[in-house]
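Below are the chains, spelled out letter by letter.
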Amino acid sequence: MTPARRSSGDSARALVAGIDSSTQSTKVVVVDAATGAIVRTGRAPHPDTTEVEPRLWWEAFTAATSGLLEGVSAIGVGGQQHGMVTLDEAGEVVRPALLWNDTRSAQAAEDLVGELGGPKAWADAVGSVPVASFTVTKLRWMAEHEPELADRVTRVLLPHDWLTWRLLGGGRPVTDRGDASGTGYFSPAQGTYRGDLLKHAFGGREPELPEVLGPAEPAGHTPDGMLVSAGTGDNMAAALALGLGEGDVVVSLGTSGTVFGVCETASADPSGVIAGFADATGRFLPLACTLNAARVLTATAAMLDTDLAGLDRLALAANPGADGLTLLPYLDGERTPNLPDAAGSLHGLRRANMTPANVARAAVEGMLCGLAAGLDAVRAEGITVRRVLLIGGAAQSAAVRSIAPTVFGVPVVVPEPAEFVALGAARQAAWALSGAGEPPVWSGPGQRELAEGDVSVGEELRERHLVLRELVHQVAPSRGEAR
C-alpha cells in the first residue's frame, strides 16, 4: 500500500479508497478525491453466517484490495453495524464476532429493556430501544452464556473499528459517532458513551471502548503512510455517498431492509421502531430496519423453482394484491417489528389464487409493505418524505420497481447502481484528506424516476398487511403507522 506523493495544491489529482465490509463481502472502490470518479474496484466474499472470525474480514480486505491501492493517499472503512468484536489484553480475538443478524441475544435484549425501566428509559438514554441486533445485547448474552470468555475481554470493537485498527497497525482503536450510535451504549444526543449501561450489560465488566472521532478527523496513517479516516457504519456511509437533502428518504433493499433520512435533531422513539442513530456528518440518521429484504425474493424464487428474472415475470403477471394472498415475510425472524423468533406466513390461500404468479406478487408486496411501515415511522420522527431513493440489490428487480411507488405512495427514484457504502467511505476519506469544513462535492450517480403508483391500491395493501400482522403476531400499529 504505497501512498501517492503530493505537493501543496495537488489534491485534485489525489486518489482515495473506500471499503464496504458488509455481511456478505468486502467491496473496494478507488476514486478521484476531487470528483468521485471511480478509477478501479475490487471485491471478495465473506462466509454466509451470523458469527465469523474477524481475520476472515481481513483476508477478504486483502484479496479485494490486491493491486488496487497503489498511489492511494487516503482510505476509509464503512462496515456492517452492531457486530460484536471482543479482544483480549494482547489484542487477540476472544471469540468469533457476533453479527447484527445473529438473534441469539433476543432474551438478553428483553431483559435489558426491563432492567433499565422500560423502552422509554432506553430511548432517552441512547436514542434507541435495544433489540437482538444491538451490540449491548450481545455483550449481555456473552456475559451470561460464556462468562469465562467474557472475563478475558479488555476491548470491544465494531467490525469497522477492528478493520480500521488493523489498517493502522494496532494502537488505540477509534470509531465515529455514526457507528457508535448502534451499540446501545453511546448517546448520539450527548455525543458520549454510557459506560454505566455497558458495565451493567456486561456483568460489571468495563472493557475499553474506541475513541470517538469527529466526522472529518483522521484516525492516523497506515505503516506505509496512507491516511486513514474515522470510518463509519454502512447506513451512514450510504447516506454520505447519496448526499441526502431535506425530504430525501432512502429505502435500501439488501440482506436487510433499511429506511433512513437525515435530520438536525436526535431521535428518541420509545416504540423502538426507529433507531436514533447519528450520521457521518455531524447530524442524525433516524432509521428503521427489517431483517427481511432481498432474501425474501431469492427464497421465493427458489421455492417456485425459478430465478429472480423469472420471479419478476411471475409477479408482474399477477394482479395488484395477488388476488388476496398476503405474505408476512418474517423468514429470518424480524427486527421491526421486534419478532426475533417469528416465521414467515402466507395468508388468504384459496384454490383459485394458489398460483405461482400470485405467490411471487405477494412476496414482493409483503417485503415492500414491511419497508412502508418504516416510512411511516420516519415520518413520525418529523421527516417529510417527499421522495424515496431506492437502492440495494433488490432495487434492480423489475417487479420491485413496478410495485414500490404503489406501496410507498410517494415518488420513487432509483439511482444508478453503485457501491454506495464504499463510495461514502471514500468520500469521508477525501474529506479527512482535504481538512476542509465540509465533505467534497461529487456529482453522484444518475437517477431514474419510476412511474407513479396507484395510491388507493397502496393504501389497501398496507392496511391488509398491518391488520394481518396484528392478528397473527399481536403487534398493534406503531406510532406513525397508518390504519
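The rules we used
- Residues numbered from 1 in each chain as written.
- Predicted model: local features only at pLDDT ≥ 70, side-chain atom pairs only at ≥ 80, totals over all residues.
- Heavy atoms only, no water.
- UniProt positions renumbered as here; feature names shortened; annotations may be inferred.
- Helix = DSSP H or I, 4+ residues; strand = E, 2+ residues; numbered from the N terminus.
- Buried < 20%, exposed > 50% of the residue type's maximum accessible area, 1.4 Å probe, protein only.
- Contact = heavy atoms within 4.5 Å.
- Polar contact = N/O pair within 3.5 Å; in protein donor to acceptor, adjacent residues only side chain to side chain.

Visitor: I'd like a description of the UniProt feature "domain: Carbohydrate kinase FGGY N-terminal" (unreviewed entry) in the protein chain, backed by residues and values.
Guide: UniProt feature "domain: Carbohydrate kinase FGGY N-terminal" (unreviewed entry): in the numbering of this structure it lies at residues 16–232. Within the segment residues 16–232, helix and strand shares are 31% and 27% respectively, and the terminal C-alpha atoms sit 16 Å apart.

Visitor: Requested: an account of unusual backbone geometry, with residues and values cited.
Guide: Phi is positive for Ala322, which is not a glycine, with a value near 55°. When its relative accessible area of 0% is taken as the criterion, Ala322 is described as buried. A positive phi angle, close to 55°, is found at Gln474, a residue other than glycine. Tracing the backbone through its elements, the reader meets Gln474 in the segment after helix 15 (455–473).

Visitor: Give me the lowdown on the UniProt feature "site: Important for activity" (unreviewed entry) in the protein chain, citing residues and values where you can.
Guide: Within the UniProt annotation, "site: Important for activity" (unreviewed entry) is assigned to Asp20. In this structure, Asp20 sits in strand 1 (residues 15–21). Relative accessible area serves as the criterion here: at 5%, Asp20 is assigned to the buried category. The contacts of Asp20, once residues within four sequence positions are left out, are Ser25, Thr26, Lys27, Gly78, Glu419, Val421 and Ala422.

Visitor: Which residues make up the side chain of Thr26, and what values do they have?
Guide: Within the secondary structure, Thr26 sits in strand 2 (residues 25–32). By relative accessible area, which is 1% here, Thr26 ends up buried. At 2.7 Å, the side chain of Thr26 forms a polar contact with the side chain of His46. Once you skip the residues sitting within four places of it in the chain, Thr26 turns out to touch Ile19, Asp20, Ser21, Gly42, Arg43, Ala44, His46, Trp57, Ala60, Phe61 and Ala64.

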